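# Understanding the architecture of this molecule
Listed here are the chains, written in short residue letters.
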Amino acid sequence: PPSPIITLQQHQQQQQSQSPKPKAQPSVVCQLGGRNPTYCAQSCKLIESYGYDEINLNIDCPSTRVSQRRLFGAALMTKQHQNTAIDVVKAMVEAVQ
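Residues numbered from 1 in each chain as written. Predicted model: local features only at pLDDT ≥ 70, side-chain atom pairs only at ≥ 80, totals over all residues. Heavy atoms only, no water.

## Regarding the overall build of the protein
- When you go through the protein residue by residue, the secondary structure sums to four helices and two strands.
- Helices and strands in the protein line up, N terminus first, as α-β-α-β-α-α.
- Among the 97 residues that make up the protein, the fraction classed as buried is 23%.
- Expressed as a percentage of contacts within the protein between residues at least 6 apart in sequence, the contacts between residues at least 24 apart total 58%. (Helix = DSSP H or I, 4+ residues; strand = E, 2+ residues; numbered from the N terminus. Buried < 20%, exposed > 50% of the residue type's maximum accessible area, 1.4 Å probe, protein only. Contact = heavy atoms within 4.5 Å.)

## What to know about the nonpolar core
- Counting eleven residues, the largest nonpolar core is built from Cys 30, Leu 32, Cys 40, Ala 41, Cys 44, Ile 47, Leu 57, Val 88, Ala 91, Met 92 and Ala 95.
- Sorting the residues of this core by element identifies β1 (29-32), α2 (37-49) and α4 (82-96) as the ones contributing at least two each.
- Setting aside chain neighbours within four positions, we find Val 88 in contact with Arg 35, Asn 36, Pro 37, Cys 40 and Leu 57. (Core = buried A, V, L, I, M, F, W, Y, C linked by side-chain atoms within 4.5 Å.)

## Some remarks on the side chain of Asn 58
- As for its position among the elements, Asn 58 is in the loop between β2 (54-57) and α3 (64-70).
- Discounting chain neighbours no more than four positions away, the residues touching Asn 58 are Gln 31, Leu 32, Gly 33, Phe 72 and Gly 73.

As structure tokens, then:
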């Protein structure tokens, strides 16, 4: 007959096989606000080195106090600045791939 005594390793393996799978943890995201492709790319490299799951560009901030004066967020979505937004996104993507 099998021995009722098991090793700690065997016990841990049994527990792991019987335990439900852990739920996925939420992503840890860092959001940048900027308009300079070079600075945003450099920031992405730094952020990536810290282990963030995602990096995104604040391109939807409607606050005129922030976006108009500093020219980022929703201000980049105007026809006048849309090429800047495209350049920033391209630089960010290239920096972390």
